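One-letter residues, chain by chain:
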Amino acid sequence: MTWEYKIIYIGLETEDEDEYETRLHNGVHVLNELGSEGWELIGYLPHLITGKRAKYHAVLKRQC
C-alpha cells in the first residue's frame, strides 16, 4: 500500500471569540472538502511563534 501525504496550514491562535468561531467553521469546511477527496487527518502540528501564540498545521494522508 502506498500513501500520499499533505500538510496544510490551519491558522493562528486568537483570543477573539468571534474570530475563533469563524476559523473553526472554516477549518471544518476545509477538512470536509479534503475528506471527500480521500484525505484522512492523521495529525496536528502546533508551532509556537511568539510568546504563547502558535500557528497550526494539519497532516493528512490518502492512498495512492
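In what follows, the accompanying structure is described. From a predicted model like this one, the values you see are computed outputs, not experimental measurements. (Residues numbered from 1 in each chain as written. Predicted model: local features only at pLDDT ≥ 70, side-chain atom pairs only at ≥ 80, totals over all residues. Heavy atoms only, no water.)

## Description of the side chain of K61
Counted only if it meets this: Think of it this way: any DSSP run of H or I at least four residues long counts as a helix, any run of E at least two long counts as a strand, and we number them from the N terminus. Burial classification: accessible surface area is computed with a 1.4 Å probe over protein chains only, and a residue below 20% of its type maximum counts as buried, one above 50% as exposed, and the rest as partly exposed. Here the positive residues are Lys and Arg and the negative ones are Asp and Glu; neither His nor the chain ends is included. By convention in these notes, a salt bridge is any Lys or Arg side-chain nitrogen within 4 Å of a carboxyl oxygen on Asp or Glu. Every residue pair with non-hydrogen atoms within 4.5 Å of one another is taken to be in contact.
Structurally, K61 can be placed in strand β3 (residues 53–63). No salt bridge is formed by the buried K61. Its closest oppositely charged neighbour is E40, at 5.0 Å. Setting aside chain neighbours within four positions, we find K61 in contact with W3, E4, Y5, G38, W39, E40 and I42.

## Quick word on the pattern of salt bridges
Tallied over the entire structure, the rule returns 2 salt bridges. Here E4 ties to R62 by a salt bridge, and the two come within 3.1 Å at their closest N and O atoms. Linking E4 in strand β1 (residues 3–12) with R62 in strand β3, this pair joins segments that are 58 residues apart in sequence. Accessibility expressed as a relative area gives 24% for R62, which makes it partly exposed.

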